[in-house]
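# Examination of the molecular architecture
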Amino acid sequence: MSHKLTKRQAAPTRRPRLALAVTLCALACSAVLTGPTAHAQANPALLGDKTAFIDDLLRQMTLEEKIGQLRLISIGPEMPAKKLAEELAAGRVGGTFNSVTRPENRPLQDGAMRSRLKIPMFFAYDVIHGHRTTFPIGLGLASSWDMDVVARAMRVSAEEAAADSIDMTFAPMVDISRDPRWGRTSEGFGEDPYLVSRIAEVSVRALQGDTKPIAANRVMASVKHFALYGAVEGGRDYNVVNMDPQRMYNDYLPPYRAAIDAGAGAVMVALNSINGAPATSNTWLLQDLLRRDWGFKGLTVSDHGAITELVNHGVAQNDSEAARLSMKAGTDMSMADQVYIKQLPELVRSGKVSQQELDNAVRDILGAKYDLGLFKDPYVRIGRAADDPPDVYADSRLHRRDAREVAQQSMVLLENRNAALPLKKNARIALVGPLADSHIDMLGSWSAAGKDKQTITLRQGLQAALGGQGKLVYARGANITEDKHIVDYLNFLNWDDPEVVQDKRSPKAMIDEAVKAARHADVIVAAVGESRGMSHESSSRTSLSLPQSQLDLLKALKATGKPLVLVLMNGRPLDLNWARENASAILETWYTGTEGGNAIADILFGDVNPSGKLPITFPRSVGQIPSYYNHPRVGRPYTEGKPGNYTSQYFDEPNGPLYPFGYGLSYTEFKLSEVSLSQPSMSADGKVEASVTVKNVGRRAGATVVQLYLRDVAASVVRPVKELKDFRKVMLQPGEEKQVQFSIDRKALSFYNAKLEYVAEPGEFQVQIGLDSKEVKTASFNLQ
Ligand code: BGC
């Protein structure tokens with residue numbers, strides 16, 4: 001719990017911790033040191049030879065100094081400034097996280113520079129979907145299906161974080177999630193191994209840049225949560241994962257691998273256990289798979305307090321055993337707990353942890369610092385005090401244009417009856433809903449250093465877009481929920497400054513006001529969904545419904561007979577059965593970030609044509625979970641339109657998803673031709689080209705995503721009904737058509753078989769091309 005407090009202190013609405021900086025300066029401030037560290041100065045030649053440099057440094061380190069490097073401290077109440085300064089000067093800290101300004105971090109680095117070997121420390125932070133500028137959450141970025149859009153968000157985030165002296169981010173978060181009950185679904189990029197892998201790779205490159213050492217305006221990526229965290233049982237956070245190896249290798253591991261192949265410098269180890277072995281002490285995971293099979297040479301950091309939690313998992317008797325097991329498995333750094341620093345001296349002296357094991361961990365940490373350029377210049381991202389921004393929150397530091405354009409691409413139009421959208425700018429609009437004017441919720445689940453007041457709410461965005469025309473009447477209409485237990489839970493972290501602020505009026509009074517506004521309007525825009533804390537770490541739900549207070553509001557609005565446009569803000573697929581039947585239009589916006597209100601207005605008024613596609617299936621009910629499009633085949637499949645008896649289905653509600661993976665509408669319409677293949681068969685190392693023509697048959701310019709799926713018709717093991725293998729986002733003017741060609745190679749046909757060999761098996765493959773995963777055109781070829 002204490003660590004959550006720390007996180008919130010680093011959150012946008014908190015004051016910068018200048019007090020800490022001032023105290024530390026008094027203790028430690030010398031003139032700002034720049035340039036190579038003492039060790040690097042003494043061995044300039046070694047700076048070009050990473051291994052020799054680190055070996056040489058390692059030889060000079062005492063046991064205590066080595067163990068000190070393994071310590072990753074969370075800046076917060078549990079580590080007072082005076083104590084931290086002493087620890088730094090004693091060489092007992094490897095890095096910190098949660099301090100996010102140069103004046104805060106400079107004295108900390110000064111402290112490290114006063115230590116005997118002057119080994120620089122690094123500064124980390126959770127830059128998940130933006131830093132000062134907040135971009136859409138992971139699900140939103142993934143909805144763009146546009147790698148340039150993802151790269152743009154990540155590059156700007158890295159630049160802003162680096163400008164605030166951050167060296168490393170705990171991102172990208174690439175956990176595949178097929179269970180929307182899990183609150184952290186919001187943070188990831190959805191359910192599909194291929195799409196998430198592409199995003200993982202692009203994110204790492206954009207965060208780190210392509211130079212070594214990593215440039216001063218980039219940060220090291222720490223891919224997380226290794227591994228399989230998104231598959232926690234029942235969607236309950238921190239729970240166990242039990243999974244067969246094939247599912248693991250084919251579906252859940254690829255995104256981490258993609259991030260590592262793209263050069264991620266660090267890996268964060270997951271909090272969960274995997275088939276009985278917690279990731280933190282999992283030798284198979286961290287050594288056999290990560291280092292031996294995947295060739296990872298970087299740094300591994302534990303998740304928050306995970307080493308000491310081995311005692312709770314019941315695999316360690318006490319902290320000493322927890323430290324020993326984690327070290328043996330290869331968890332290099334311990335985050336926010338004291339276990340390594342307290343237990344390792346004795347463990348190493350007694351030989352229970354070998355010198356070699358300790359040195360391996362230290363080498364990884366020094367290696368990361370080397371790759372960050374910190375030995376050349378410990379202040380590479382801190383810069384000179386004279387250049388510090390006078391106001392870290394200055395609006396001029398934000399990237400509003402990037403935020404708006406990225407957000408425009410991140411929304412998914414789910415319904416649009418009778419062309420209810422786009423809205424006219426001379427319309428009288430009743431804007432209602434608890435999320436219509438909530439700054440804090442625009443930020444979404446991991447807002448890093450984003451400031452709530454700097455966000456544009458939907459109310460502000462609509463007002464600005466209307467200019468002098470039309471009319472906007474706002475009524476809140478409902479609280480997020482009237483359930484006191486839930487409100488208390490969401491406000492648990494911050495009693496003094498609650499995130500979920502209840503309107504004290506009765507639900508009826510609020511609804512009456514909204515209905516009155518609606519009666520005088522041409523159209524109702526209702527911003528409903530979840531407060532941001534409802535889709536976060538430790539925010540698992542048993543229900544995917546809109547809270548009752550909001551459903552009551554929507555039903556009353558519907559009764560007015562006015563067109564009802566739903567603008568959803570949420571971090572997981574919701575149960576939209578009522579909305580689907582009753583709303584005129586539904587726009588899934590997730591959480592759109594700093595410029596969200598403007599970007600949503602751009603879509604609602606048609607200044608931008610929506611082009612997002614779902615990166616995750618929307619089930620009809622909680623009972624359908626897990627519901628994912630690429631499920632394995634079964635002996636008695638259910639076929640739509642045929643009686644379900646004795647097939648694999650539920651008899652008490654319609655089968656199949658409410659909205660399938662890859663789905664999303666546009667204000668125009670697209671038509672897809674049949675698939676044509678370059679040849680009927682493919683040689684072992686050959687290729688088949690699959691092409692379709694996509695035509696804009698509507699009256700507006702717009703973009704869509706052409707999606708390529710494959711089905712292995714008969715294989716040595718049961719394979720998915722289909723798997724995404726490629727996609728292309730295509731922009732088309734009205735009447736325009738384009739040919740889209742996909743090149744299918746052996747890799748696209750390969751999978752891990754029962755022996756976990758990566759193979760492509762000869763036989764028939766069905767090509768499926770569509771604008772979502774459900775409605776597809778097909779053709780077949782044979783692999784020889
Ligand atoms: C989360 C991580 C995060 C870390 C540091 C943990 O509770 O699981 O994703 O990076 O805290 O804030």
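The residue numbers shown here count from 1 along each chain, following its written sequence. Whole-chain, interface and lining totals are the exception, using all residues; otherwise, since this is a predicted model, local features are given only for residues with pLDDT of at least 70 and side-chain atom pairs are given and counted only at 80 or more. Think of the side-chain values as coming from all heavy atoms in the structure, minus any hydrogens and water.

Our focus in this paragraph is the side chain of His-439. Comment: elements are numbered from the N terminus, with helices defined as DSSP H or I runs of at least four residues and strands as E runs of at least two. Within the fold, His-439 resides in helix α19 (residues 439–442). Contacts are residue-level and defined by heavy atoms, with any inter-residue pair within 4.5 Å sufficient. Ignoring any residue separated from it by four or fewer positions in sequence, one finds His-439 in contact with Asp-452, Lys-453, Thr-455, Thr-457 and Gln-460.

Next up on the list: the domain arrangement of the chain. Split by domain assignment, the chain resolves into domain 1 (402–617) and domain 2 (670–783). Each side of the interface is counted separately: domain 1 has 7 residues, and domain 2 has 9 residues. Simply put, the buried area is the total loss of 1.4 Å probe accessible area from both parts when two parts are fitted together. Of the roughly 550 Å² buried between domain 1 and domain 2, counting both surfaces, carbon and sulfur atoms make up 41%. Of all residues in domain 1, Asn-609, Ser-611 and Lys-613 bury the most surface against domain 2, accounting for 75% of the area lost on that side. The term salt bridge refers to a pairing of a side-chain nitrogen on Lys or Arg with a carboxyl oxygen on Asp or Glu at a separation within 4 Å. Between domain 1 and domain 2 we count 0 salt bridges in total. For this analysis, a polar contact is any N or O atom pair within 3.5 Å, provided that within protein one partner can donate a hydrogen and the other can accept it, and provided that sequence-adjacent residues contribute only side-chain to side-chain pairs. For the interface between domain 1 and domain 2, the tally reads 6 residue pairs in polar contact (both at pLDDT 80 or more). Partitioned by chemical class, the residues of the side of domain 1 that touches domain 2 number 2 nonpolar, 4 polar and 1 charged. By convention here, the domain bounds are inherited from an automatic or database domain assignment. As a working rule, the residues Ala, Val, Leu, Ile, Met, Phe, Trp, Tyr, Cys and Pro are called nonpolar, Asp, Glu, Lys and Arg charged, and the rest polar, with Gly in that last group.

So, on to the nonpolar core. Judged by nonpolar contacts, the single largest core of 76 residues is most densely connected at Phe-226, Leu-228 and Leu-253. For this core, the element with the highest residue contribution is helix α9 (residues 147–163), accounting for 9 residues. Here this core spans two domains, since at least three of its residues come from each of domain 1 (402–617) and domain 2 (670–783). If we ignore the near neighbours within four places in the chain, the residues touching Phe-226 are Leu-253, Tyr-256, Val-267, Met-268, Val-269, Ala-270, Ala-279, Leu-285, Leu-286, Leu-289, Leu-290 and Trp-294. Counting residues in each nonpolar core, the second largest holds 75 residues, with Ile-137, Leu-466, Leu-574 and Ala-601 among its members. The term nonpolar core refers to a set of buried residues drawn from Ala, Val, Leu, Ile, Met, Phe, Trp, Tyr and Cys, joined through side-chain atoms within 4.5 Å. The classification of residues rests on relative accessible area computed with a 1.4 Å probe and restricted to protein chains. Under 20% of the type maximum is buried, over 50% is exposed, and intermediate values are partly exposed.

Turning next to the UniProt feature "domain: Fibronectin type III-like" (unreviewed entry) in the chain. UniProt records the feature "domain: Fibronectin type III-like" (unreviewed entry) for residues 704–773 in the present numbering. Note that residues 704–773 is 6% helix and 56% strand, and that its end C-alpha atoms are spaced 13 Å apart. UniProt positions are given in the numbering used here, feature names are shortened, and annotations may be inferred rather than shown by experiment.

Consider each residue's heavy atoms; a residue with any of them within 4 Å of a molecule or strand counts as near. Around the ligand there are 14 residues in total, and Asp-126, Arg-184, Lys-224, His-225 and Asp-303 lie nearest to it. Lys-224 is positioned such that a nitrogen or oxygen atom in its side chain is 2.8 Å from an oxygen atom of the ligand. Between Glu-537 and the ligand, the recorded distance is 2.9 Å, taken from a side-chain N or O atom to an oxygen atom. Every accessible area reported is derived by Shrake-Rupley at a probe size of 1.4 Å, with residue values counting cover from the shown protein chains alone. Calculation on the ligand without its partners gives an accessible area of 310 Å², and the protein chains cover 100% of this total. Taken together, the elements giving at least two residues each to the shell around the ligand come down to α1 (2–9) and β5 (220–226). Among the residues making up the shell around the ligand, the classes are represented as 5 nonpolar, 3 polar and 6 charged.

Take the sheet that holds strand β22 (residues 723–732) next. Read across the sheet, 5 strands follow the order β19-β27-β26-β21-β22 without closing on themselves; strand pairing throughout is mixed. The strands lining the two open edges of the sheet, one partner per strand, are β19 (681–682) and β22. Following DSSP output, two strands are said to pair if at least two bridges run between them.

We now examine the confidence of the model for the chain. Per-residue confidence for the chain averages 94 on the pLDDT scale, and 96% of its residues sit at or above 70. Known as pLDDT, the predictor's per-residue confidence is scaled from 0 to 100. Here residues 1–32 is modelled with pLDDT under 50, and outside its nearest four sequence neighbours on either side it reaches 78 contacts, counting other chains as well.

Moving on, we get to the environment of Gly-330. Tracing the chain through its elements places Gly-330 in the loop between α15 (319–329) and β10 (334–335). C-alpha separation for the pair Gly-330 and Val-776, spaced 446 residues apart in sequence, amounts to 46 Å.

Backbone torsion omega between Lys-224 and His-225 reads -5°, so that peptide bond is classified as cis. The residue His-225 is located in strand β5 in this model. Here Ile-625 and Pro-626 are connected by a cis peptide whose omega angle stands at 0°. When you line up the elements, Pro-626 lands in the loop between α25 (596–604) and β17 (670–672). Positive phi, normally seen in glycine, also occurs at Lys-118, with a value near 50°. With respect to the element layout, Lys-118 can be found in the loop between α7 (102–113) and β3 (122–125). Exposure remark for Lys-118: the relative accessible area of 29% places this residue in the partly exposed category. Its identity as a non-glycine residue notwithstanding, Ser-165 has a phi of 75°, on the positive side.

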